[in-house]
Amino acid sequence: MNSAGTDRIDLMRTFVRIVESGNLSAAALQLNTSQPTVSRRLQALERMLGVTLILRSTHAMKLTDDGERCYEQAKQLLERWAALEDELRVCDAEPVGRLRVRAPHAFGQNQLIEPLTRYLQRYPHVTIDWILNDNRPDFIAEDVDCVVQVGHDNDPSTIKVLLAEVPRIVVAAPSLLEKHPVNQLEELAQAPWVALNLFYRNEVVLRHGVDGSMQHINITPRMSTDSLNALRMSALSGLGVAMLSAWIVADDLASGKLVHVLPEWQAVALPIYLVYPYSSYYPARLRTFIAMIREVVPKFAEIAIPNGER
């Protein structure tokens, strides 16, 4: 403890969070404290070390040379400290602490809450910030530990574990098909569409299930959305044809609320990845969460399309 009674590890953790989040306000939000508290901790660390770590102005902040060196050393020290805490707790193998996890809205709501509940029941000393967002995260600025992500990711600074590949199919409500019959591939372009703009907007690419041939279909959506749940509801309402992950419409197909359009054609399956930053150490809470996700997600990708269609 220093003379002010402030823990040195806490000061360094605050400093690292300021640097990685980009400003004091964001750091305060991530640390669940106030901006004045963050500012006081930074000043206390600077007094303790006898150097200026960050040059601050009204609109910007910049690390000094000493701040750069302190940041790199503080990151390593915090990782070693976390490893020490885990090692001392290894006798009861009990993960502790908070995880911040991002997942896609629909998948995170519909498929992952049950396994997440089982995980938290198994490890009562872990808490999770369950952040539902379909966009790519900024791991450092947003203080995110890992992400369940649909679609490819080319960020070289992260580890990507392929969990599953989810089949996608073209569906429509029976009421829509009465007005706009689709019996041939060419008729898809003439039908009204709703689109998931994260993955397609003005064109869909379909592959034939037997010969593997590919077809590019130009479409003009009546509506586009970034929500898989909204896309499903708009298809159910008869607004347009939609290309959706098979798991989210399995019950609708079985009940007849939606029809699998041209079942001999499918979109390329979407990969689901678990993504997390490189680090020299991962705490037990993250290691156990990763193990759980790697076990449960592949099961969801195996949901069969009615009538055995794949």
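- The chain is annotated in an unreviewed UniProt entry as LysR family transcriptional regulator from Ewingella americana.
- Under the UniProt heading Sequence similarities (unreviewed entry), the note attached to the chain is "Belongs to the LysR transcriptional regulatory family."

1. Re the packing of aromatic side chains
Then comes step 1: Taken as a whole and assessed by the stated rule, the structure comprises five aromatic pairs.
Then comes step 2: Seen from their ring centres, Phe107 and Trp247 are 5.5 Å apart, and the 70° between their planes marks the pair as edge-to-face. With Phe107 in helix α5 (residues 105-110) and Trp247 in helix α9 (residues 246-255), the pair connects residues that are 140 residues apart, well separated along the chain.
Then comes step 3: Under the relative-accessibility criterion, Phe107 is labelled buried at 3%.
Then comes step 4: When its relative accessible area of 11% is taken as the criterion, Trp247 is described as buried.
Then comes step 5: Site record: aromatic cluster; members linked through ring pairs are Tyr119, Tyr123 and Phe289.

2. What about the side chain of Thr14?
Then comes step 1: Here Thr14 shows up in helix α1 (residues 8-21).
Then comes step 2: On the basis of relative accessible area, Thr14 is assigned to the buried category, the value being 1%.
Then comes step 3: With sequence-adjacent residues up to four places away left out, Thr14 is seen in contact with Leu31, Val38 and Arg41.

3. Notes on α9
Then comes step 1: α9 sits mainly inside the fold: seven of its ten residues count as buried.
Then comes step 2: Turning to α9, the residues buried within the fold contact α5, β6 (158-172), α8 (228-236), β11 (242-245), β12 (259-260) and α10 (284-300).
Then comes step 3: Of the residues flanking the end of α9, it is Gly256, one or two places downstream, whose phi is positive at about 85°.

About the cut-offs
Residues numbered from 1 in each chain as written. Predicted model: local features only at pLDDT ≥ 70, side-chain atom pairs only at ≥ 80, totals over all residues. Heavy atoms only, no water. UniProt positions renumbered as here; feature names shortened; annotations may be inferred. Phe/Tyr/Trp six-rings, centres within 6.5 Å; stacked < 30°, edge-to-face > 60°. Helix = DSSP H or I, 4+ residues; strand = E, 2+ residues; numbered from the N terminus. Buried < 20%, exposed > 50% of the residue type's maximum accessible area, 1.4 Å probe, protein only. Contact = heavy atoms within 4.5 Å.

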